[in-house]
Structure formats: C-alpha cells, structure tokens
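Here are the chains, one letter per residue:
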Amino acid sequence: MQQSRAETGTPIPAPAPAAAPAGEPAPTGATEIFQLRGLTCRYGGFTAVRDISLDIQRNEITAIIGPSGCGKSTLLRCLNRMNDLVEGTRVTGEVIYNGEDIYAPHIDPVEVRRRIGMVFQEPNPFPKSIYDNVAFGPKLEGHRSDLDDIVESSLRQAALWDEVKGKLKQSALSLSGGQQQRLCIARALAVEPDVILMDEPASALDPIATLRIEDLMEELKRSYSIVIVTHNMQQAARISDKTAFVTVRVENETDERTGELVEFDDTTRIFTAAADQRTEDYVTGRFG
Amino acid sequence: MSSYPGSPGGARGVPPADAGGPGGPRPLGRARTRPGEQAVLWLLWLCATISIVTTIGIVAVLVFESIPFFANVDVAAFVTGTEWYPFAEPGTEAFSTGVLPLVKGTLVVTAIALAVAVPLGLAAAVYLSEYAPSKVRQAVKPALEVLAGVPTVVLGYFALTFMTPLLRSLLGAETVQIFNAASAGIVMGFMIVPIVASLSEDALNAVPQALRQGAYALGATKRVAILRVVVPAALSGIVAAVILAMGRALGETMIVTIAAGNLPTMTLDIFAQGQPMTGFIAQTVAGESPRGSVVYQSLFAVGAVLFAMTFLANSVAQWVVRRFRQVY
C-alpha cells in the first residue's frame, strides 16, 4: 500500500507493502477537520475497508473515488457514524473530528450527526411539505420563532429558494429529482453542520441537475467542509481539492474483498501525476 | 460460416433463415389452438364472477326481505326511534321499532374495542417493525396471528367468565352488570389487535430505509425518527388497518351475544347492558320468530343497517388509503 500524505504534499513512492502510519503522531492543526487513523470497518465477519489513514482539510472538497464495491460509501458513513445503524458493524481505529475521536465511548452519535450532515445517493426528502423538510432539523434543536428565516436562508444556500418560494407548503415529492436533491442539501444545511458528507449526490440526476449541484458545492465550501464519494472521475477532477483513491483488494484464498486506500493527494496530482500505477490506471480509464 | 465444415448447406447450427424443423419454419399465425387455455380462462372468470354475484345476492336479499318490514313500520320511526321492541303485536303500545338503541350498542362496543386495540396494536407494530431483533419478529408475528384465529365463541366466554368478574372485582359489582358492553368491547379489542398490529407493521415496514437514514443524518434520535418520519409516512396504511379492524368489530357477533346482554338501551353507561345489532340478530334467530312475522322481517332491516355501516367503513378506508397515500 502506498500513501502520499496530505501534509507533506508530496507522494512517497516507496513500495512499502504494509506501511501503516497509524501510530505516527499527527499534527493537530486547525486546518484538519478529520484525521483518520487506521480506520477499519467490518460488517459481521467481512472487512469492508481496512486501515485507512488520511487527513481531511477544512473548507475543502475532498473526493473519494474508486471502483464499485471498494467500500468508499462505507468509509464515508464512518465519518458520521451512520454505519452504527447497520446491525453487526464494528469500527476500529480512530476518526478524529476537531481533535476528538467520534468513536470514543462517551461520544453521542446523534450529536455527531448533527454536526456532520449527510446527503444521500438517491434524493430522500420526507413525504412532507418543502417547508417541513427544511424545518425538520431545526425543530429538533428547539427552533420555533426563527424557523421561517432558517428555511429561507437554507433554501437560498442550496440555490433552490427562487424555484420554491411560492410553494413552500407543497409536497417535497412534487419537485423534480434535481430539486429534491437540492432540497436534501438545504435540509442538511438547516442544522448548520460543520461538514457535509455526500454519497454520490448526483448519480441519480441528469447532467444539468448534476452541474447545478456541483456549482452549489463550489459555493458551499466557503462555509463548510465537504467530503464527496463519487464514481464519476470527471466530477472528482472538476470539483475537488483533494482526492482519495480507494480500491478493492481481493484475498486469493478467501475471496474476501476489502477496500484499501491507495493514494491520497491534491486532485491535480492524482489526475496528472499519480504516484501509484493503480491510481493512474484507474483515472485514465484503463481499469474499473 | 465456413467454420462449420460438417454441416453442408448450412442445415444445422448455421443460421440461414430456412433452418427450421421439418416442414420449414414455423408460421407466425395462430397455428395451433390451445384447448386447455380457454377452459382455464373460463374457470377463472367464473370464480371472479361468483364472488361478485354472491355479494350482489346478499345485498338483494337484505333489501327485498326488509321491504315488507317497512310496509308495517315507518322508515322515519325506524331511523330516529330510541326504543326497540319489535316482539310485541304491531299497533300495540309496547311495539316500538327505533333502531338507534341497537346502533348505539354496536357503536359503543366498537368504540371500546378500538380504544383497546389501536394503542396496543400500534405499539406492537412499532416495536416489531422498528425495535425488535429479527428473531423476535419472526417469532412474535405468527404468534400474534394465532390470536386472530381464536374462535370468537371462546372469546365470548372469556369475556363473560373472566373479564366481567375482573371488572366487577375491580370496580364493584354494583357498578358493573353481569352482562355489559365494556367486557365485550375489551375482549373484542384483543380480538382485533392482530389486525391492527399486523397491517400497521406491514405499513411501517414499507417505509423506505432511506427516510429513516435521512432523519438520522439530521441528528434525529430513534424515537424522533419513528414518531416524526416513519409513522407519518405509514399513516395511510395505519388508518386503513384501523378501519379494517373497525369493520371487523362492527360485524362481530359471538362475543356480544354472549357477554353484552340482550337489552337494547340508549344508555351510555358502558358497564350496563347494551345489545348491539349483531347480538339482536343472533339472539332473535335462535329464538322463536315465525317466518313472515314483523320480528322476522326486522332481522333483515337491522342486517341492512349493519351492512350499510360496514360498507361505509370499508369505503372510507379505501378513500383514506388513496387520498393520503404517500408516494415515497
């Protein structure tokens, strides 16, 4: 496994097969929003991702790319403990968010998810009105009188306000797929999270709706940190600052498929001067 | 094609168009009739028709048999009258044909049954769908459905010999009569819990996982996700389950015949006797009511009212399901 660490900015081309930098003390600078240290996630007896270590920077878009089934969605869901909801999930290693390991015993996963929002692959608005969708999170936090303002500003941030301002009481399901996805983004923004995790947010959308989501992410990264999983390499190249390439390692004897981080670097580097041959093969379309 | 040297003329394996079986390619037209198929079609049509014809027949019998009743009895008096005693000679003082006491009896028992069954059934459904480990669910759901299979005559005696003494010891024998609407209603509630629970659980289960995840991702606790997202999304199915259970309660006969008494009254005291429509019909049929008598005719009139009520309940259920169905 080869890794190029974000803080050095230069790839380490040493072909060390088991370079696990988990124990290495990481600088806890204010620029890192997440520091993953030896993160491993298992479902039952099956290891979905193994030994992932990388640092995610604040106010940047970090893309996770890789072939289908490599565990990139699992990796993303480890960042806000969504995997807790799947029976039989075990996570080891550390996910340090703002200096605190979110898998430490005293951490409340509900609180973690309030700070680290998530947008899913398929738009999943609640079968409620547009207004109630956006107001759902703020209501949980006890907002009452300022709900109107929160709804408006969240919809504005998600570039949806002008399209829906006249029909806030209509069902969210009357919106188009792209609008629904922006509504889901607005809904996530309404709780004022630190980070937004996006799991292939545009894969169910047409190219124009996709472009709007990408423009929106460009806007949002001023105020938020974004981690996006995508199988669309052009999308990763267009929008992200840093890219992590995850691939699947197949154990020959057991046929067990485990996701591993191959390379993590500036997006331009990943796409033009990848340190690892597997990365280059993937981004140039020779594999996957 | 030259790679098939052993098949001269392309007769086998190589696809020129005339490579069919003996006699050339099979024609596209309706070459062969399939005799069994038409018979099956008729059989299926017959089965569908029989069930419809039966329903129509039942309604027709109810209507035609109750027409003679209304020759003797004023419709307005039937619908608005508050006393029911069709056993007396028509024209005498005692003869009274107001159906409201029976309707009241039915509504009170049904209301009690729903008051028991809706909270219990809904809570059971939420537990099974959202909290129970899958092993528990697999064990409990069939067990719950066994409860639906208990013969209602057994439940009737359960009401009379267990629930009524229990109520009397709890609330006092002077408050609770031996035959009363409350114990019949409570036991009937137990009877329809499986309907509410099972159908509501189906509705909750049908709510996509993505909606639950959406709620969790906004920092909702499990309780909030269930109460604010899952249950509202399943509401049409839950309402349909409740109304279906209500239809079952409206028509339930054995429990009320055994435990609710045979005195139609207008009292709202649930611990007093209150004969429902089904109880009247069952007890009167068992007694002596010569064919053609007013009492005999009244059975059909009451039956028609009961049918109208259950029909209304089912229609409302269908309307609710369609109107409030949430497409997720």
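The model shown is predicted, which means the values in this text are computed figures rather than measured ones.

Caption draft 1: Highlighting the overall build of chain B. Broken down by element type, chain B carries 12 helices and two strands. The linear arrangement of helices and strands in chain B, starting from the amino end, is α-α-β-β-α-α-α-α-α-α-α-α-α-α. Counting only residues that meet the buried cut, chain B has 42% of its 328 residues in that class. Look at the contacts in chain B between residues 6 or more apart in sequence, and 70% of them connect residues 24 or more apart. Carbon and sulfur atoms form 67% of the exposed surface of chain B, whose accessible area is close to 17800 Å².

Caption draft 2: Main features of the overall build of chain A. Assigned secondary structure in chain A consists of 10 helices and 10 strands. Partitioning the intrachain contacts of chain A with sequence separation of at least 6 by distance along the chain shows that 67% fall at a separation of at least 24.

Caption draft 3: Seen up close, the nonpolar core. Formed by 58 residues in total, the largest nonpolar core has its most connected members in Phe34(A), Leu36(A), Leu79(A) and Phe136(A). Ranked by the residues each element gives to this core, the list is headed by helix α8 (residues 222-233) of chain B, at seven residues. Counting residues in hydrophobic clusters, the runner-up holds 45 residues, among them Ile130(A), Trp161(A), Leu175(A) and Val262(A).

Caption draft 4: Molecular detail of the interface of chain B and chain A. Contact with chain B, which involves 19 residues of that partner, is made by 21 residues of chain A. Buried surface at the junction of chain B and chain A, both sides included, amounts to about 1700 Å², of which 67% is carbon and sulfur. Counting every contact that joins chain B to chain A gives zero salt bridges. Counting every contact that joins chain B to chain A gives four residue pairs in polar contact (both at pLDDT 80 or more). For the side of chain B that touches chain A, the secondary-structure elements that each account for two or more residues are α7 (209-217) and α8 of chain B. Residue contributions to the side of chain B that touches chain A peak at seven residues, all from α7(B). Residues belonging to the side of chain B that touches chain A are distributed by class as follows: 13 nonpolar, five polar and one charged.

Caption draft 5: How the structure looks around the packing of helix α5 (residues 152-171) of chain B against helix α6 (residues 181-205) of chain B. Residues and elements named next belong to chain B. Two elements in contact, α5 and α6, have axes separated by 8 Å at closest approach and are oriented at 130°. Judged on the interaxial angle alone, α6 and α5 are oblique. Viewed along their axes, α5 and α6 form a crossing whose handedness is right-handed. In contact with Thr152, Leu155, Phe158, Ala159, Met163, Thr164 and Leu167 of α5, α6 contributes Ala182, Ser183, Ala184, Ile186, Val187, Phe190 and Met191. For the contact of α5 with α6, the class distribution of residues is 11 nonpolar, three polar and no charged.

Caption draft 6: Expanded view of the environment of Asp194(A). Residues and elements named next belong to chain A. With respect to the helices and strands, Asp194 occurs in the loop between α6 (177-189) and β7 (195-199). As for Asp194 and Gly117, which are separated by 77 residues in sequence, their C-alpha atoms are 7.7 Å apart. Not counting chain neighbours up to four residues away, the residues in contact with Asp194 comprise Ile33, Arg58, Tyr97, Asn98, Arg115, Tyr224 and Ser225.

Caption draft 7: Representation of the pattern of salt bridges in the model. In the structure shown here, the tally under the stated rule is 23 salt bridges over all chains. In this structure, Glu163(A) and Arg182(A) form a salt bridge, with 2.9 Å as the shortest nitrogen-oxygen distance. Highlighted residues: Glu163(A) in helix α5 (residues 161-164) and Arg182(A) in helix α6, separated in sequence by 19 residues. You can call Arg182(A) buried: its relative accessible area is 5%. Between Glu201(B) and Arg137(B) there is a salt bridge, and its shortest N-O distance comes to 3.8 Å. Note that Glu201(B) is positioned in helix α6 and Arg137(B) in helix α4 (residues 134-148), a separation of 64 residues in sequence. With a relative accessible area of 1%, Glu201(B) lands in the buried category. One continuous salt-bridge network, built from bridges that share partners, spans Arg137(B), Lys141(B), Glu201(B) and Asp202(B).

Caption draft 8: Region of interest: the side chain of Ser200(B). Residues and elements named next belong to chain B. Inspection of the secondary structure puts Ser200 in helix α6. Judged by relative accessible area, Ser200 falls into the buried class, the value being 0%. Those residues in contact with Ser200 that lie beyond four places of it in its chain are Leu122, Ala125, Ile195, Ile238 and Ala241.

Caption draft 9: Molecular detail of the pairing of strand β8 (residues 225-229) of chain A. Residue and element names in this part refer to chain A. Counting buried positions along β8 gives five out of five residues, so the element sits mostly inside the fold. Residue alternation in β8 divides its side chains into two sets, Ser225, Val227 and Val229 and Ile226 and Ile228, and both sets are buried. As defined by bridge partners, strand β3 (residues 61-65) adjoins β8 across four bridges and the pair is classed as parallel. Residue pairing for β8: Ile61 is matched across the bridge by Ile226. Note that β7 and β8 share five bridges and pair parallel. From the neighbouring strand, Val195 faces β8, where its bridge partner is Ser225.

Caption draft 10: Here's a closer look at a nonpolar patch on the surface. On the surface, a nonpolar cluster with roughly 580 Å² of combined accessible area is contributed by Trp42(B), Leu43(B), Trp45(B), Leu46(B) and Ile50(B). In this structure, Ile50(B) sits in helix α1 (residues 35-72).

Caption draft 11: Looking closely at the confidence of the model for chain A. Considering every residue of chain A, the mean pLDDT works out to 85; 89% of them sit at 70 or more. Note that residues 1-29 of chain A has pLDDT below 50 and, in this model, 57 contacts with residues that lie over four places away or in other chains.

What counts, and where the lines are drawn
Residues numbered from 1 in each chain as written. Chains lettered and ligands numbered in written order. Predicted model: local features only at pLDDT ≥ 70, side-chain atom pairs only at ≥ 80, totals over all residues. Heavy atoms only, no water. Helix = DSSP H or I, 4+ residues; strand = E, 2+ residues; numbered from the N terminus. Buried < 20%, exposed > 50% of the residue type's maximum accessible area, 1.4 Å probe, protein only. Contact = heavy atoms within 4.5 Å. Areas by Shrake-Rupley, 256 points an atom, 1.4 Å probe, with all protein chains shown as cover. Core = buried A, V, L, I, M, F, W, Y, C linked by side-chain atoms within 4.5 Å. Buried area = accessible area lost by both parts, 1.4 Å probe. Salt bridge = Lys/Arg side-chain N within 4 Å of Asp/Glu carboxyl O. Polar contact = N/O pair within 3.5 Å; in protein donor to acceptor, adjacent residues only side chain to side chain. Nonpolar A, V, L, I, M, F, W, Y, C, P; charged D, E, K, R; others polar. Axes fitted to C-alpha atoms, helices over the stretch in contact; angles between N-to-C directions. Parallel < 35°, antiparallel > 145°, perpendicular 65-115°, else oblique. Left-handed = near helix turned anticlockwise from the far one by under 90°. Pairing = 2+ DSSP bridges. Patch = residues over 30% accessible without salt bridge, like charges linked within 9 Å, V, L, I, M, F, W, Y side chains within 5 Å. pLDDT = per-residue confidence, 0-100.

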